[in-house]
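A look at the structure
These are the residues of each chain, in order.
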Amino acid sequence: MTTNDTMDVTTEPSPTSGKPILSTDGLTKRFGTLTAVDDVSLEIPTGRITSIIGPNGAGKTTLFNLFTGKYEPTAGRIDFRGNRIDGEKPHYLVKQGLVRSFQITNFFGDLTARENIRLATQAPHTGFGPRDFLTHHRNLDAATESAERILERVDLSHVADETASNLSYGQRRHLEIAISLAADPDLFLMDEPTAGMSPEETGEIVDLIEEIAADITLVLIEHDMHIVMDISDHIAVMNEGTVLAHGTPDQIRNDERVQRAYLGSE
Ligand SMILES: Nc1ncnc2c1ncn2[C@@H]1O[C@H](COP(=O)(O)OP(=O)(O)OP(=O)(O)O)[C@@H](O)[C@H]1O
C-alpha cells in the first residue's frame, strides 16, 4: 500500500507539493521475524514541520534510526536532498546536514553551556590529525562567534557560563537542541522534544521549535497531540510499521482510520 492511497480527504493542497528534503521508497526494517518498519514510502516536505505519530511500538523510532544511519534497511531506499543515503554512516549524514537530537543527555556536565556549544560547533568540521589541529585553531574565532549566536537563539545567553549540570531540566533540553544546531542541520529530527517537561517548559520549547523551523526542516516524534496539531504542517501516522495516513493536521483529525487506530484511544 502506498501512502498516497491512504488519504481520505483530498480537498486541501498536498503539503508534500514541492521537492521533498527526504523521501523513502519501500523502506523496510525487520528484527528477526518482527517487521518494525514495513514498506514505508514517505516524503518529508522541505521547509516544514512534519510530525510522526502513532501508538507505542508503531515503528517511529526505528524510522528515525533508519534516517540517521543507525540501522541499515532490510529493503527499500532513503534519499536525502536527491542523494541515496541508506547504508551511509551517521557521522557522514551529520556532515550532509541530517541531524538528530536525542532524548538522552549528550553534553559534558562539567563544561559550561557556552563551552559545550563551542565544542559541538567545531566537531563537524575538524578531524583528529595534526593538520586538523591547525584548522581547529584557525576556526576557533568562528566557533566562538557561532556559539554566541546559537546561545542567543536557544535563549541560554543568560546562563552561558553555568556548567551544564547546573542547568534546569528545561535549560538542558535547550542545550541539547543547541548542540544539534551547532552541526548546522538542513534537516533536524527531534525525538519527543517535550518529554518530561512542565507546561511552562513545554511552551518555551514549542516556541523554540517554531523559531528553528523558520530556516530548518523539522521532523518530530511527539506524543502530545495538542502540540502535534498545533505546530505541524504535515503529519504522518504510523501503525504496526506502516504509514496509515499522512496529511495536514485537519486531514489527520478527520481521518476515520486514524481516529480508530490512534486518536480514539487517547
Ligand atoms: N533493536 C531492536 N531489536 C529488536 N526489536 C526492536 C528493536 N528496535 C525496535 N524493535 C521493535 O520494533 C517495533 C517498533 O519499535 P519502535 O521503537 O520503532 O516503535 P515506536 O513507535 O518508536 O514506539 P514508542 O512510541 O514506544 O517509542 C517494536 O515492536 C519494538 O519492540
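Residues numbered from 1 in each chain as written. Predicted model: local features only at pLDDT ≥ 70, side-chain atom pairs only at ≥ 80, totals over all residues. Heavy atoms only, no water.

Under an unreviewed UniProt entry, the name given to the protein is Probable branched-chain amino acid transport ATP-binding protein LivG, and the organism recorded is Halalkalicoccus jeotgali. Entered under Function (unreviewed entry) in the UniProt record, the comment concerning the protein runs "Probable component of a branched-chain amino-acid transport system." According to the UniProt record, the Sequence similarities (unreviewed entry) comment for the protein reads "Belongs to the ABC transporter superfamily." (UniProt positions renumbered as here; feature names shortened; annotations may be inferred.)

Some words on the nonpolar core
The tendency in soluble globular proteins is for nonpolar side chains to be buried as a group. If you look at the biggest cluster of nonpolar residues, it comprises 34 residues, and the most contacted ones within it are Leu175, Ile177, Ile212 and Leu218. Elements supplying a minimum of two residues to this core: α3 (113-122), α5 (140-153), α6 (169-181), β7 (187-191), α7 (199-212), β8 (217-221) and α8 (225-231). Each residue touching Ile177, except ones within four places of it in the same chain, is listed here: Val154, Phe188, Met190, Ile205, Leu208 and Ile212. (Core = buried A, V, L, I, M, F, W, Y, C linked by side-chain atoms within 4.5 Å. Buried < 20%, exposed > 50% of the residue type's maximum accessible area, 1.4 Å probe, protein only. Helix = DSSP H or I, 4+ residues; strand = E, 2+ residues; numbered from the N terminus. Contact = heavy atoms within 4.5 Å.)

Regarding the domain arrangement of the protein
A common way to state how big an interface is: give the accessible area lost once the parts meet. Split by domain assignment, the protein resolves into domain 1 (19-97 + 185-265) and domain 2 (106-184). The centre of domain 1, based on its C-alpha atoms, is set 26 Å off from the matching centre of domain 2. In this assembly, 20 residues from domain 1 lie in contact with 12 residues from domain 2. Of all residues in domain 1, Pro185, Phe188 and Leu208 give up the largest surface area on contact with domain 2, accounting jointly for 33% of the area buried on that side. If you look at where domain 1 meets domain 2, you find 2 salt bridges. With a shortest N-O distance of 3.0 Å, Glu211 and Arg153 are connected by a salt bridge. (Domains from an automatic or database assignment. Buried area = accessible area lost by both parts, 1.4 Å probe. Salt bridge = Lys/Arg side-chain N within 4 Å of Asp/Glu carboxyl O.)

As for a negative patch on the surface
The grouping of Asp155, Glu200, Glu204, Asp207, Glu210 and Asp230 at the surface amounts to a negative patch. Ranked by the residues each element gives to the negative patch, the list is headed by α7, at 4 residues. Position of Asp207 relative to the elements: it lies in helix α7. (Patch = residues over 30% accessible without salt bridge, like charges linked within 9 Å, V, L, I, M, F, W, Y side chains within 5 Å. Areas by Shrake-Rupley, 256 points an atom, 1.4 Å probe, with all protein chains shown as cover. Lys, Arg positive; Asp, Glu negative; His and termini not counted. Charge placed at Lys NZ, Arg CZ, Asp CG, Glu CD.)

Quick word on the packing of α6 against α7
Between α6 and α7, the shortest axis-to-axis distance is 10 Å and the interhelical angle comes to 15°. By the angle between their axes, α6 is roughly parallel relative to α7. The two elements α6 and α7 meet at a crossing, and its hand is right-handed. Residues Tyr169, Gly170, Arg173, His174, Ile177 and Leu181 of α6 form the contact with α7, whose participating residues are Glu201, Glu204, Ile205, Leu208 and Ile212. (Axes fitted to C-alpha atoms, helices over the stretch in contact; angles between N-to-C directions. Parallel < 35°, antiparallel > 145°, perpendicular 65-115°, else oblique. Left-handed = near helix turned anticlockwise from the far one by under 90°.)

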